[in-house]
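Spelled out, the chains give:
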Amino acid sequence: MEEMEEELKCPVCGSFYREPIILPCSHNLCQACARNILVQTPESESPQSRRASGSGVSDYDYLDLDKMSLYSEADSGYGSYGGFASAPTTPCQKSPNGVRVFPPAMPPPATHLSPALAPVPRNSCITCPQCHRSLILDDRGLRGFPKNRVLEGVIDRYQQSKAAALKCQLCEKAPKEATVMCEQCDVFYCDPCRLRCHPPRGPLAKHRLVPPAQGRVSRRLSPRKVSTCTDHELENHSMYCVQCKMPVCYQCLEEGKHSSHEVKALGAMWKLHKSQLSQALNGLSDRAKEAKEFLVQLRNMVQQIQENSVEFEACLVAQCDALIDALNRRKAQLLARVNKEHEHKLKVVRDQISHCTVKLRQTTGLMEYCLEVIKENDPSGFLQISDALIRRVHLTEDQWGKGTLTPRMTTDFDLSLDNSPLLQSIHQLDFVQVKASSPVPATPILQLEECTHNNSATLSWKQPPLSTVPADGYILELDDGNGGQFREVYVGKETMCTVDGLHFNSTYNARVKAFNKTGVSPYSKTLVLQTSEDTDSEEQTLPFPVPSERLPLRRMSPFSSTLNLQPSFPGRSYFDFRSSPHQLSLHSSLQSLNAPGCNFETQSAPYSQLVDIKKLLAVAWFAFDPGSAHSDIILSNDNLTVTCSSYDDRVVLGKTGFSKGVHYWELTVDRYDNHPDPAFGVARMDVMKDVMLGKDDKAWAITEGGITKGATIGVLLDLNRKNLTFFINDEQQGPIAFDNVEGLFFPAVSLNRNVQVTLHTGLAVPDFYSSRASIA
């Protein structure tokens, strides 16, 4: 039950609803809160002044969006009114639950009356804090809104289940604990609020004050208040108006605005709507059950991710430690080689030192002996040994001159460690995505299947005959017809796709590629589609090359894909792939294109002959587009008949956009009740869908001028002359309605539940306009 608490709180005060009222937008407000956010409007905006001016209005008039600023430009939040002398622009405030609301237009009057009975300033308007819809109150004020007795009962049961301490209902900020309850006023008071708002004097002295607990019991035991009619306060609801979808009393049926409406028994409709709500709750319950299971799955994923993370971190640490161990082992091996070289050098140098030391000692002894011999004075004895000594001296000298005094070993270590490859490998050390070892699919073969009117073409593709690698799907790409970049227009398993609504005199390039879990195949050969240039002649022969292996054009398979190219907002791309037993329809964000006639050729392919195709009349066949329509729009008759489930105006667009040529279509009014204001014309793709056509700068429309049930409205869009003309029952409505019309436009209609129209397309331009155009 705690999850339901937000549904039971007022969006303005943030507390539980107290005497909730139901706004026409189906949202609820406390009566006191509704009074606090009232804003006074100028006299010209009042319902009385509008009725006096002759314009048909309902009991509650929604404010003109062109005259009121409902949104803040700074944060797109709920803002304050601007443009009224009586309601100057003031900063908006926030309720406890974050909803932006207006400050009171004036201080509430000091009165002991309830919010419903207190007088409401004249020409007041109220704006729903949740949907920001504004409306002007009539003479009944807040009493004109029905009270939500069901919500009150739910809140009572919820508070009883919570068994919380009762709070004062009149404390403005933090409610204090209630000390008494007035059985007559049915209000809980704390001591300060009782002394201030319920003094024990005058008529209030006769009221009975009881403890809060006793008051709760008496409130629970008291009979539920019967809902009364808002137009006839003394009458209870007895029937249900099917057209207005609201309970009514018998006086409303006899003399009120519901006298001509279909009504049913209140009890029967109560049971029916309970059954419908139960059925809707069954589906919602299934979604909630799936959501709970999904949350369990996500929580299990969190646990699994944590476990996998610990395991993966341990694996990573082990792998890095293994690399460090291998590096340490290699380090020890390299150090051993350095030590070995060091010992070898020392041994060689030490051996040479020892050898030189012995040699030098021998040489020194020989020199000393020769010097002593020279000192002898015996010539004959000297000559006997002098020759031998001379030879020994020369021999010893020669031994010193043969590299004996050159070091046998250098002091440098002739070792150089090249660690750059290893450092590079360490820097490049990263995680790799393990992929399957299977190869990518082969390049598919793209070919033309069929060409029809309105520049529509069917493309198909297939795998090469000898290909053994299966493909999980295909990606079809198409450029914008002006040599721009390729864009993905289809992704799926189908092998056939229909492209329609192409521009006049444009060249499109198409290509396709296959993909599987391993990767993506190369692109196929590009298929070139050349659209026709002339749209004035009634028929035209369009030659295009056909590959020699496929002379006859095959009929399009019923299980194919249809690609309707429609624009979206800049920078966005979306795919809405809808399937039915015999057709698949794909919507892409590419620019919508329109023109009859096709020319197709493929690059780098052999041709044997040209095939002629007769082009149909240069007229456009289209229907309403359910994909871009407002959710309240109801379509039937193969999307040619449209109505609405809301009392507010909603917009629906045609499925085909126009940027060139002359186009004409008609709409017949099948139903026209209570003087609604339907609008007919053209619009951009990003036109506002929840207001009347023409309220923004994205639409051009006609909204009045003899429109009744059975009327036929004609719309003539001449993009060659850049103008827009309207007809009602074959009579032109004044001169040209709009000129300088340039760009991409879609047929558009705005209507509410009181209107139903049917679209007629494929119509030729009116004869008088064609003759006038030819003279011009």
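Right above here is the structure, for reference.
Thresholds applied
Residues numbered from 1 in each chain as written. Predicted model: local features only at pLDDT ≥ 70, side-chain atom pairs only at ≥ 80, totals over all residues. Heavy atoms only, no water. Helix = DSSP H or I, 4+ residues; strand = E, 2+ residues; numbered from the N terminus. Buried < 20%, exposed > 50% of the residue type's maximum accessible area, 1.4 Å probe, protein only. Contact = heavy atoms within 4.5 Å. Areas by Shrake-Rupley, 256 points an atom, 1.4 Å probe, with all protein chains shown as cover. Phe/Tyr/Trp six-rings, centres within 6.5 Å; stacked < 30°, edge-to-face > 60°. Lys NZ or Arg CZ within 6 Å of the ring centre and 35° of its normal. Pairing = 2+ DSSP bridges. Axes fitted to C-alpha atoms, helices over the stretch in contact; angles between N-to-C directions.

A. Examining the overall build of the protein chain more closely. Along its length, the protein chain carries 10 helices and 39 strands. Buried positions account for 38% of the 776 residues belonging to the protein chain. If you take every contact in the protein chain between residues at least 6 apart in sequence, the share linking residues at least 24 apart comes to 64%. Working note: accessible area of the protein chain is about 45,500 Å², and carbon and sulfur atoms make up 54% of it.

B. Region of interest: unusual backbone geometry. Although it is not a glycine, Asp186 adopts a positive phi angle of roughly 60°. With respect to the helices and strands, the residue Asp186 is situated in the loop between strand S9 (180–182) and strand S10 (187–189).

C. Focus on the packing of aromatic side chains. With the rule as written, the count across this model stands at 9 aromatic pairs. Ring centres of Trp461 and Tyr490 lie 6.1 Å apart, and the angle between their planes is 45°; on these two criteria the pair is classed as tilted. Separated by 29 residues along the polypeptide, Trp461 in strand S16 (residues 456–462) and Tyr490 in strand S18 (residues 487–492) bring together distant segments of the chain. Taken together, a centroid distance of 5.3 Å and an interplanar angle of 80° make the contact between Trp700 and Phe745 edge-to-face. With Trp700 in strand S33 (residues 699–702) and Phe745 in the loop between strand S37 (738–739) and strand S38 (746–751), this pair connects stretches of sequence that are 45 residues apart. Taken together through their ring pairs, the aromatic side chains of Trp461, Tyr474 and Tyr490 make up a single cluster. The residue whose ring lies beneath Arg511 is Phe486, and the NZ or CZ to ring-centre distance is 3.9 Å. Of note, Arg753 hangs over the ring of Tyr647, and the distance from its end group to the ring centre comes to 4.9 Å.

D. Representation of the sheet that holds strand S32 (residues 679–683) within the structure. Ordered by their spatial adjacency, 4 strands build an open sheet running S30-S38-S32-S33, and the pairing between neighbours is antiparallel. The open sheet has two free edges, formed respectively by strand S30 (650–653) and S33, since each of these has just one partner strand. Averaged over all pairs of adjacent strands, the angle between their axes in this sheet comes to 25°, without regard to strand direction. For S30 and S38, the ladder comprises 4 bridges, and the chain directions are antiparallel. Looking across to S38, one finds that Val652 is bridged to Val749.

E. Seen up close, the sheet that holds S9. Reading across the sheet, the 3 strands line up as S10-S9-S11 and stay open at both edges, with antiparallel pairing between neighbours. Looking at which strands have only one partner, the edges of the open sheet turn out to be S10 and strand S11 (209–210).

F. Representation of the pairing of strand S21 (residues 527–531). Burial runs high along S21: 4 of the 5 residues are buried. Two elements, strand S20 (residues 507–515) and S21, share 4 bridges in a ladder whose sense is antiparallel. Its bridge partner being in S21, Thr507 is matched across the sheet by Gln530.

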